[in-house]
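The chain contents come next:
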Amino acid sequence: MTVQHCLPEQLALAALREPLPDDDALHLAACDRCRGEVTSLRRAVDAVAVPELAEPGPAVEPPPSVWAAIAAATGTTVAPDSLTPEPVGAQVLPFRSRRRGLVLVAAAAVAGAVLGAGVTAVLRGGDATESVTAVALDPLNDEQASGRAEVVVREDGSRALQVDLEAPALDGEYYELWLIEPQVVDMVPLGVLRPGTQTFELPAGLDLGEYPVVDVSVEPIDGDPTHSGVSVARGQLDS
């Protein structure tokens, strides 16, 4: 008789400590295989669910090292001190909302780990999509990270950024995805990124012409929500 194990979606919920239907909960309590998968997946959840990032904070101002790296890559010669930042309102994500995004990304990461490499972990899906632009994410400073980012538009008009990342696993750190202005006045954090394929919701009203630089950084788990200044891959979307 074939044993019906928990579906990947149920394993993801269990890893997030969400309640399961009675039948799945009973099976999980008795199945060593499913419990082992949940235990493994919870490591991924614990790695990205950083409590300190729940605290609200000011708009993100990139450190000088980020400016220097992007200036070198794009040929921009304007110094950041000579720029006058313009209000971006809701376009820059507040960190309380970002915390919610981290939880959703954790769920997506878990689902992706269950389903295997090459399977898209979608935060919101089911609608047909149309690709509007894509860019290669090239490694920086001899780093081993690279990939591809693609902007898609759904039938309901919502947009997402699909990212394929090839990068080594990190220990005590994590990858994060950003959209950055060419002048590096402001940046928008999209969430925790893991090697493989993920889809990130783009904030409504965000002008990709103003934030065309797709940046992958390595972040320490230190509670600081700002960019670490350590980027490993980057590309610029066409306007």
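Calculation criteria
Residues numbered from 1 in each chain as written. Predicted model: local features only at pLDDT ≥ 70, side-chain atom pairs only at ≥ 80, totals over all residues. Heavy atoms only, no water. Helix = DSSP H or I, 4+ residues; strand = E, 2+ residues; numbered from the N terminus. Buried < 20%, exposed > 50% of the residue type's maximum accessible area, 1.4 Å probe, protein only. Contact = heavy atoms within 4.5 Å. Areas by Shrake-Rupley, 256 points an atom, 1.4 Å probe, with all protein chains shown as cover. Salt bridge = Lys/Arg side-chain N within 4 Å of Asp/Glu carboxyl O. Core = buried A, V, L, I, M, F, W, Y, C linked by side-chain atoms within 4.5 Å.

### What about the overall build of the protein chain?
So, step 1. The helix and strand inventory of the protein chain stands at five helices and nine strands.
So, step 2. Helices (α) and strands (β) of the protein chain occur, in sequence order from the N terminus, as α-α-α-α-α-β-β-β-β-β-β-β-β-β.
So, step 3. Going through the 239 residues of the protein chain one by one, you find that 41% of them count as buried.
So, step 4. Of the contacts made within the protein chain by residues no fewer than 6 positions apart, 63% connect residues no fewer than 24 positions apart.
So, step 5. Just so you have it, the protein chain exposes about 12300 Å², and 51% of that area is on carbon and sulfur atoms.

### Things to note about unusual backbone geometry
So, step 1. Its identity as a non-glycine residue notwithstanding, asparagine 141 has a phi of 50 degrees, on the positive side.
So, step 2. Counting through the fold element by element, asparagine 141 comes out in the loop between β2 (129–139) and β3 (146–154).
So, step 3. The backbone of aspartate 142 shows a phi angle near 60 degrees, a positive value even though the residue is not glycine.
So, step 4. Structurally, aspartate 142 is set in the loop between β2 and β3.
So, step 5. By relative accessible area, aspartate 142 is classed as exposed at 79%.

### Here we look at the pattern of salt bridges
So, step 1. Across all of its chains, the model carries five salt bridges by this definition.
So, step 2. Glutamate 150 is the partner of arginine 148 in a salt bridge, and the nearest nitrogen-oxygen pair spans 3.3 Å.
So, step 3. Between aspartate 215 and arginine 234 there is a salt bridge; the shortest N-O distance is 2.9 Å. In this pair, aspartate 215 is assigned in strand β8 (residues 213–220) and arginine 234 in strand β9 (residues 231–236), connecting sequence segments 19 residues apart. With respect to class, aspartate 215 is no different from arginine 234; both count as buried.

### Here's the deal with the environment of valine 218
So, step 1. Position of valine 218 relative to the elements: it lies in strand β8.
So, step 2. Distance in space between the C-alpha atoms of valine 218 and alanine 233 is 9.8 Å, their sequence separation being 15 residues.
So, step 3. Residues in contact with valine 218, not counting those within four places in the same chain, are Leu170, Glu173, Tyr174, Tyr175, Ser228, Val230 and Val232.

### Overview of the nonpolar core
So, step 1. By size, the foremost hydrophobic cluster in this structure holds 26 residues, and its most contacted members are Leu161, Leu177, Leu179 and Val214.
So, step 2. Residue assignment for this core shows that the elements contributing at least two residues are β2, β3, β4 (159–166), β5 (173–180), β6 (187–193), β8 and β9.
So, step 3. Excluding anything up to four places from it in sequence, leucine 179 contacts Leu161, Met187, Val188, Leu190, Leu202, Leu206, Leu208, Tyr211, Val213 and Val214.
So, step 4. Within the second largest apolar cluster, ten residues are counted, among which are Cys6, Ala14, Leu20 and Leu41.

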